[in-house]
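Descriptive analysis of the structure
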Amino acid sequence: MTLDEQERQLDRAARIVHESRHVVALVGAGISVESGIPPFRGPGGLWTKHGEPAMDGYQRFLADPRGWWADRLARQSEYSEFAKALAEARPNAAHYAMAEMERMGALQHIITQNIDNLHQEAGSVAIIEIHGNRLKLRCIGCGARWPLGELPTDEVPPRCPDCGGMVKSDTVMFGEPIPLDALESCQTQARLCDCMLLVGTSAVVYPAAEFPVIARRRGARLIEINPNETPLTDLCDAVLRGPAGETLPKLVERLKALTALRAEPQDEALES
Ligand code: NAD
Ligand code: ZN
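Notes on the structure follow.

Scoring rules and cut-offs
Residues numbered from 1 in each chain as written. Chains lettered and ligands numbered in written order. Predicted model: local features only at pLDDT ≥ 70, side-chain atom pairs only at ≥ 80, totals over all residues. Heavy atoms only, no water. Helix = DSSP H or I, 4+ residues; strand = E, 2+ residues; numbered from the N terminus. Buried < 20%, exposed > 50% of the residue type's maximum accessible area, 1.4 Å probe, protein only. Contact = heavy atoms within 4.5 Å. Areas by Shrake-Rupley, 256 points an atom, 1.4 Å probe, with all protein chains shown as cover. Lys, Arg positive; Asp, Glu negative; His and termini not counted. Charge placed at Lys NZ, Arg CZ, Asp CG, Glu CD. Donors = N, O, S within 2.8 Å, 3.2 Å for Na, K, Ca; no water. Near = heavy atom within 4 Å. Polar contact = N/O pair within 3.5 Å; in protein donor to acceptor, adjacent residues only side chain to side chain. Nonpolar A, V, L, I, M, F, W, Y, C, P; charged D, E, K, R; others polar. Right-handed = clockwise from strand over helix to strand, strands pointing away. Pairing = 2+ DSSP bridges. Arc of directions from axis to C-beta. Axes fitted to C-alpha atoms, helices over the stretch in contact; angles between N-to-C directions.

Some words on the overall build of the chain
Along the chain, the regular secondary structure elements total ten helices and nine strands. Across its three principal directions, the C-alpha atoms of the chain cover 75 × 40 × 35 Å. Residues counted as buried form 47% of the 272 residues belonging to the chain. Sequence-distant contacts, at least 24 apart, represent 69% of the contacts inside the chain between residues at least 6 apart. Carbon and sulfur atoms make up 51% of the accessible area of the chain, which totals about 13700 Å². Of the side chains in the chain, 29 bear a positive and 38 a negative charge, and the two mean positions are spaced by 3 Å.

As structure tokens, this is what we get:
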């Protein structure tokens, strides 16, 4: 993409967001790459390097929850590289830009597939986490959640004080159903929005893959923010080709310029 074309796409994206009433961002692992957290797929991805892990993590948890907890408490994760990156990561310019968009009233909701808590750390508030949050625990019986460390783990698996159900990490395991509350909120947001930002996600995996499709069927415009082409690129009304940490702050600057422009003619109208 030429520089001129990139500028045109930025202008177009800013105009679309500015004109929209309800903007939702669908976010994937790509937004946190600049925070040092590797994605799973694609260049530099953990699966690209180490191969795909077993896809039955949840079934193995259910078969031996005590063993799973013992392993977790001993920190013998097969993803120690991933766990270390998560522990050290701080929000990057893209997370901060999204928090600023929310404060400006230009972003109503974030649907994230990430578990890294970086949107919260950057100051975003309206967030749905489809795959859970690494800093929380969840009851598989009633869906209640707690911050890590709030439930005693001297006996494992911990039991839910409300329903007696088994407690696991909030992070959704391979093979585990997406928590219903999160799924329903996402579907509501996908129906409500008139613009969806696709930030750092290839959106090929269910359920994330269906949200842009639901949104677009109802007339929402799609904007892709990703250095690489994705299967959704052709459906997008604007495409910001580049790392999210570079393009999202530029989008915020354009939005501010548009907001200022809108304010000016009104002043003139009052004077004349
Ligand atoms: P994915 O399939 O959505 O792929 C990542 C996307 O990010 C790719 O399209 C890639 O082109 C794009 N990308 C790379 N660098 C980028 C940048 N600087 N800015 C913007 N986009 C960039 O996601 P995945 O890696 O296959 O992960 C699958 C799932 O695993 C995630 O949805 C998530 O649940 C989990 N995961 C979470 C984290 C996290 O919490 N940070 C990290 C890895 C994986
Ligand atoms: Zn419970």
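What about the coordination of the zinc ion (ligand 2)?
Surrounding the zinc ion (ligand 2) are the protein donor atoms C139 (SG), C142 (SG), C160 (SG) and C163 (SG), at 2.3 to 2.4 Å. Within one chain, the residues donating to the zinc ion (ligand 2) are spaced in sequence as C-x2-C-x17-C-x2-C. With C142 in the loop between β4 (136-139) and β5 (145-147) and C160 in the loop between β5 and β6 (167-169), the pair connects residues that are 18 residues apart, well separated along the chain. You can call C142 partly exposed: its relative accessible area is 43%. Residue C160 is classed as buried on the basis of its relative accessible area, which comes to 4%.

Some words on the site of ligand 1
The environment of ligand 1 is made up of 24 residues, and the closest members are F40, R41, Q113, H131 and S202. At 2.3 Å from an oxygen atom of ligand 1 is found a side-chain nitrogen or oxygen belonging to R41. With respect to ligand 1, the side chain of T201 contributes an N or O atom lying 3.4 Å from an oxygen atom. The protein chains hide 90% of the 850 Å² of surface that ligand 1 would expose on its own. Its residues placed into classes, the shell around ligand 1 shows eleven nonpolar, ten polar and three charged.

Here we look at the pairing of strand β8 (residues 221-225)
Along a regular strand, successive side chains alternate from one face of the sheet to the other. Judged by how many residues are buried, β8 sits mostly within the fold: four of five residues are covered. Read from strand β7 (residues 195-199) through helix α9 (residues 210-217) to β8, the crossover connection turns out right-handed. Pairing of β8 with strand β9 (residues 238-240) involves three bridges; the strand directions are parallel. When the bridges of β9 are listed, I223 appears paired with A238.

Looking at helix α5 (residues 80-88)
Considered for burial, the residues of α5 that qualify are F82, A85 and L86. Looking straight down α5, one finds that the buried residues subtend no more than 100° of arc, so they occupy a single side. Facing away from the buried side of α5 by over 90 degrees, the exposed positions are K84 and E88. Elements in contact with the buried residues of α5: α2 (46-50).

Looking at the environment of A126
With respect to the secondary-structure elements, A126 resides in the loop between α7 (118-122) and β3 (127-129). Once the C-alpha coordinates of A126 and A99 are considered, the two residues, 27 residues apart in sequence, prove to be 9.5 Å apart. Dropping the residues within four chain positions of it, A126 is found in contact with E102, Q108, H109 and I110.

Let's talk about the sheet that holds β4
Here we have three strands laid out as an open sheet, ordered β5-β4-β6, and antiparallel in their pairing. With partners counted over all chains shown, the strands left at the sheet margins are β5 and β6, one partner each. Mean inter-strand twist for the sheet, computed between neighbouring axes without regard to direction, equals 30°. In this sheet, β6 lies alongside β4 in antiparallel orientation, the contact comprising three bridges. When the bridges of β6 are listed, L137 appears paired with S169. Lying on the sheet, helix α4 (residues 65-73) is in contact with β4 and β6; it crosses β6 at an angle near 45°.

A word on the pairing of strand β1 (residues 23-27)
Burial analysis of β1 places five of its five residues in the buried class, the great majority of the element. With burial as the criterion, each face of β1 is covered, one bearing V23, A25 and V27 and the other bearing V24 and L26. Note that β1 and β7 share five bridges and pair parallel. Bridge pairing links V27 to V199 in β7.

Notes on the sheet that holds strand β2 (residues 109-112)
Pairing is parallel in the open sheet, where six strands are placed in the order β3-β2-β1-β7-β8-β9. What marks the edges here is a single partner per strand, and that holds for β3 and β9. The mean angle between the axes of side-by-side strands here comes to 15°, regardless of whether they run parallel or antiparallel. Alignment of β7 against β8, held across five bridges, turns out to be parallel. Bridge pairing links M196 to L222 in β8. Sitting on the sheet, α9 is in contact with β1, β2, β7 and β8, with an inclination near 155° to β7.

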